[in-house]
Amino acid sequence: MWSSAWCQGWDVAVVLLLGVWLPSSLGQTTPSPQHQSNKLQFRLVGYPRKHNEGRVEVFYKGEWGTICDDDFSLANAHVLCRHLGFIAATGWTHSAQYGKGTGKIWLDNMQCTGTEKSVELCKSHGWGNSDCTHDEDAGVICQDERLPGFVESNVIEMQVEEDKVEAVRLRSVVVATKTKMPIAEGIVEVKYKDGWAQICDLGWTPKNSRVVCGQMGFPFERKVNKNFYKRNKRATGPKLKGNGSAGSRYILRLFTGRQKNFYRIYSVACLGTEGHLSACPLQFSKGNASAPCRGGMPAVVSCVPGPLYSHVNSRKKKLKISSTVRLKGGAKIGEGRVEVLKNNEWGTVCDDRWNLQAASVVCRELGFGSAKEALLGARMGQSMGPVHLNEVQCSGLERTIWSCRYKNVTSETCKHEKDAALRCNVPYMAYENTIRITGGRTRYEGRVEVATTNENGTQGWGLICGEGWSTREAMVVCRQLGLGYANHGLQETWYWDGSNVTEMVLSGVKCSGDEMTLSHCQRHKAVSCQKAAARFSAGVICSETASDLALNASLVQQTVYIEDRPLHMLYCAAEEDCLSKSAAKANWPYGHRRLLRFSSQIHNIGRADFRPKAGRHSWVWHACHAHYHSMDIFTHYDLLSVNGTKAAEGHKASFCLEDNECLEGVSKRYECANFGEQGITVGCYDQYSHDIDCQWIDITDVKPGNYILQIVINPNYEVAESDFTNNAMKCNCKYDGHRIWLHNCHIGDAFSEEAERRFEKYPGQLNNQIS
């Protein structure tokens, strides 16, 4: 459903850094004359860069200014965060922790109860009356959950007038397609009052159909057999056979054929590039019109489903998904950061001039409908690869983004904080009706229950056996319910006894993690669950945001070398199991081990901090290296032969996760010293230098030859991430018994399929020269 730019109850407009100006709404209470002439706007600025925190600035009387931290409280932050479109505040800051502002200090000694609908209802010294300096600028940290219907300022939405069309649907009138999802053909209906109304088809064009199909989540329209609908106006029509439209491919009959038509719209004139029917010129039927559609009939549209939604054998010629455009980092199907393939390498699109027309071209190219939102400012996370395109300008009718006008660009001229993203219209599939979560403290967590139908046709709910349930399965559940990413997949849910459902109906569920529904995953044919009590059923905790870890592949390639290290210097490493098995048979402390060493940087490019799954109470202290291990296994290091078998392996038993370096303007949050919190902040990386213990692979027993070096972060999916495809890194490796060379180092999703095949079939070097 389309949300408008109006935020009920808040007489303010909001800007967050990369702001698209939004109109202010009329509040539920009558504003003062002064307030009507000086509408307030709010924004978050300063550092760090995260979108839900920062220094609060207020636009009043044509000038931006700050708020002093005197008498500031969490209640003040609650009011301000709601002004900014978030449901509540989680904290606030003082003393200009996000940097000092400039200009006016508009409010001082501000005191709110936390329930006010506007800061104007809070106590203060009055606008512009302050004895503070900008060293005392206040900031807020908002809970990263948006108010329902609130439009973010760095999201470009199709703006439509509210009194035009509230909602659009396709009503199938053919029995054979009534229960099939998605509904790709039917009468176009618009929401009107408490019901639905039709559109007169006089003057209806394929451009109109294109807009409706795009809005319904389909990339293209196709011709409708209107004669079928004209011949079958009765409730029961003649049986037809043939190979034409949906009405003649099967033995069919119409239902609800006697429904009386009410025409809300009698003329539509779309250009075909609009993202919503309301953006087209429309002429509405007059209430006293006697025959608003004389000689016509209700408009009927037939759409072409994208590859993800095509029924088996529904079309002889299937649509193909583009191989040069993809979406990354999105929680739902049809959303994400836009990446394009150029010279066999994936890169991003800079958000300069990024708009709905360009986003719609990408959406349709990928088999979805038109774009619902065009997102600016890396709202779906930042990439680490190249930036390929900038200032993309499309008419909206192009078949591919490569047919649009654009400028070539590099990551030096356009930084990744400007990576463009989008959300597409996707077909409604009713997936959320077959699954639910119950018993949780919020709607984002609970025990998973699936819909069932017994032999008598009675519908009910059943549980899923928790054995083997993991983050991957939880990812599918959260996506299916539209709840974002999976924080945890839980195998016991005794603390969520939220319903009287006790029967296990599924077991052995195994998902890859990218399925659209749980029904697409593998499962046992017959239920087999060793712990069949309800307390051992599967559960999930979902989140709107997630971290995303990626390795700096070039650093590994630049820092690799071989060291022969004496055994007497490896006791701690042996204790932490960082050597190959043959080390146990060595003549300690004499002799040495040959180690393949390198440095690594692990960047968090997602939208949430990476935190270990285990709490501090279960961290393990290692006296040798004098730090706490917060994860059992965080990284695998493997040397693979050309046929894929392991020639040698190494791993970090666990990491002391902390922020070593951050992007400009991002503050460090995690430090291991003194039993500090562990994690990696968004925009920061944890670096492991080549000269620290366990930052190696023991290759003492490896023979000279050609290999593949593979590094995998978070290999057991212990911690949720928005994208696991970039967790692996590979390099071609040549070892001659004395020296080692790495080249073609890249993360798992950086190259095209063709380039990846060439990498895997690499025969090895004939000499020591890297070409």
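Since this is a predicted model, take the numbers as computed values, not measurements. (Residues numbered from 1 in each chain as written. Predicted model: local features only at pLDDT ≥ 70, side-chain atom pairs only at ≥ 80, totals over all residues. Heavy atoms only, no water.)

### Considerations on the overall build of the protein chain
Next up, step 1: Along the backbone of the protein chain there are 10 helices and 42 strands.
Next up, step 2: A buried classification covers 54% of the 771 residues belonging to the protein chain.
Next up, step 3: Surface accessibility of the protein chain: about 35500 Å² in total, with carbon and sulfur atoms responsible for 49%. (Helix = DSSP H or I, 4+ residues; strand = E, 2+ residues; numbered from the N terminus. Buried < 20%, exposed > 50% of the residue type's maximum accessible area, 1.4 Å probe, protein only. Areas by Shrake-Rupley, 256 points an atom, 1.4 Å probe, with all protein chains shown as cover.)

### Describing helix α4 (residues 206–215)
Residues separated by three or four positions in an α-helix point in the same direction, a consequence of the helix having 3.6 residues per turn.
Next up, step 1: Among the 10 residues in α4, eight count as buried, and that is most of the element.
Next up, step 2: Along α4, the residues that are buried comprise N208, S209, R210, V211, V212, C213, G214 and Q215.
Next up, step 3: Packed against the buried residues of α4 are β9 (168–171), β10 (185–192), β12 (220–222), β13 (263–268), β15 (300–304) and α6 (356–365).
Next up, step 4: Immediately downstream of α4, the backbone of G217 shows phi near 100°, a positive value. (Contact = heavy atoms within 4.5 Å.)

### Notes on the sheet that holds strand β37 (residues 661–662)
Next up, step 1: Read from one edge of the open sheet, four strands run β29-β32-β38-β37, paired in antiparallel fashion. The open sheet has two free edges, formed respectively by β29 (549–551) and β37, since each of these has just one partner strand.
Next up, step 2: As defined by bridge partners, strand β32 (residues 600–604) adjoins strand β38 (residues 684–688) across four bridges and the pair is classed as antiparallel. Across the sheet, H603 pairs through a bridge with Y685, a residue of β38. (Pairing = 2+ DSSP bridges.)

### Description of the packing of aromatic side chains
Next up, step 1: Taken as a whole and assessed by the stated rule, the structure comprises 14 aromatic pairs.
Next up, step 2: Ring geometry for W402 and Y406: centres 5.8 Å apart, planes at 80°, overall edge-to-face.
Next up, step 3: By relative accessible area, Y406 is classed as partly exposed at 31%.
Next up, step 4: The interplanar angle of 75° and the centroid separation of 5.7 Å between the aromatic rings of F610 and F634 together place this pair among those described as edge-to-face. Residue F610 is found in the loop between β32 and β33 (620–622), and its partner F634 is found in the loop between β34 (627–629) and β35 (635–640); the two are separated by 24 residues along the sequence. Just as F610 is buried, F634 falls in that class too.
Next up, step 5: Through successive ring pairs, a cluster of aromatic residues spans Y60, W106 and W127.
Next up, step 6: Over the face of the ring belonging to F220 we find R399, whose NZ or CZ atom lies 4.1 Å from the ring centre. (Phe/Tyr/Trp six-rings, centres within 6.5 Å; stacked < 30°, edge-to-face > 60°. Lys NZ or Arg CZ within 6 Å of the ring centre and 35° of its normal.)

### A short note on the side chain of E365
Next up, step 1: In this structure, E365 sits in helix α6.
Next up, step 2: This buried residue, E365, is left without a salt bridge; R399 holds the nearest opposite charge, at 10 Å.
Next up, step 3: A polar contact is formed between the side chain of E365 and the side chain of T400, at a distance of 2.8 Å. (Lys, Arg positive; Asp, Glu negative; His and termini not counted. Salt bridge = Lys/Arg side-chain N within 4 Å of Asp/Glu carboxyl O. Polar contact = N/O pair within 3.5 Å; in protein donor to acceptor, adjacent residues only side chain to side chain.)

### Structural notes on the side chain of R479
Next up, step 1: Its place among the elements puts R479 in helix α7 (residues 471–480).
Next up, step 2: The side chain of R479 is buried and forms no salt bridge, while E515, the nearest opposite charge, is found at 5.6 Å.
Next up, step 3: In contact with R479, not counting residues within four places along its chain, are A331, K332, I333, G484, G513, D514 and E515.

### Description of the state of the cysteines
By definition, a disulfide links the sulfur atoms of two cysteines through a covalent bond.
Next up, step 1: Under the definition given, this model contains 16 disulfides.
Next up, step 2: One disulfide in the model links C578 with C694; its S-S distance is 1.9 Å. Around the S-S axis, the bridge from C578 to C694 shows a dihedral of about 90° and counts as right-handed. Of this pair, C578 sits in the loop between α9 (571–575) and β31 (592–597) while C694 is found in the loop between β38 and β39 (696–698), placing the two residues 116 residues apart along the sequence. The burial state of C578 is the same as that of C694; both residues are buried.
Next up, step 3: Between C733, a free cysteine, and C731, which holds the nearest cysteine sulfur, the sulfur-to-sulfur gap is 8.1 Å. (Disulfide = S-S within 2.5 Å.)

### So, the environment of V140
Next up, step 1: Relative to the helices and strands, V140 resides in strand β7 (residues 139–142).
Next up, step 2: Taking the C-alpha atoms as reference points, V140 and T90, separated by 50 residues in sequence, lie 8.1 Å from one another.

### Regarding the nonpolar core
Generally speaking, a soluble globular protein has its nonpolar side chains buried in company with each other.
Next up, step 1: Counting 34 residues, the largest nonpolar core has L596 and L639 as the members making the most contacts within it.
Next up, step 2: Counting residues per element, the ones that place at least two in this core are β29, α8 (553–559), β35, β40 (705–713), β41 (728–735) and β42 (740–747).
Next up, step 3: V362, F368, A420 and L422 belong to the second-largest nonpolar core, a separate cluster that totals 27 residues. (Core = buried A, V, L, I, M, F, W, Y, C linked by side-chain atoms within 4.5 Å.)

### Some thoughts on unusual backbone geometry
Next up, step 1: The step from W588 to P589 runs through a cis peptide bond, and the omega angle for that step is 0°.
Next up, step 2: You can see P589 is positioned in the loop between α9 and β31.
Next up, step 3: Not every positive phi belongs to a glycine, and A96 is a case in point at roughly 55°.
Next up, step 4: Among the residues examined, A96 registers a relative accessible area of 14% and is labelled buried.
Next up, step 5: In this structure, R353 is a non-glycine residue whose phi angle is positive, near 65°.
Next up, step 6: With respect to the helices and strands, R353 occurs in the loop between β18 (345–349) and α6.

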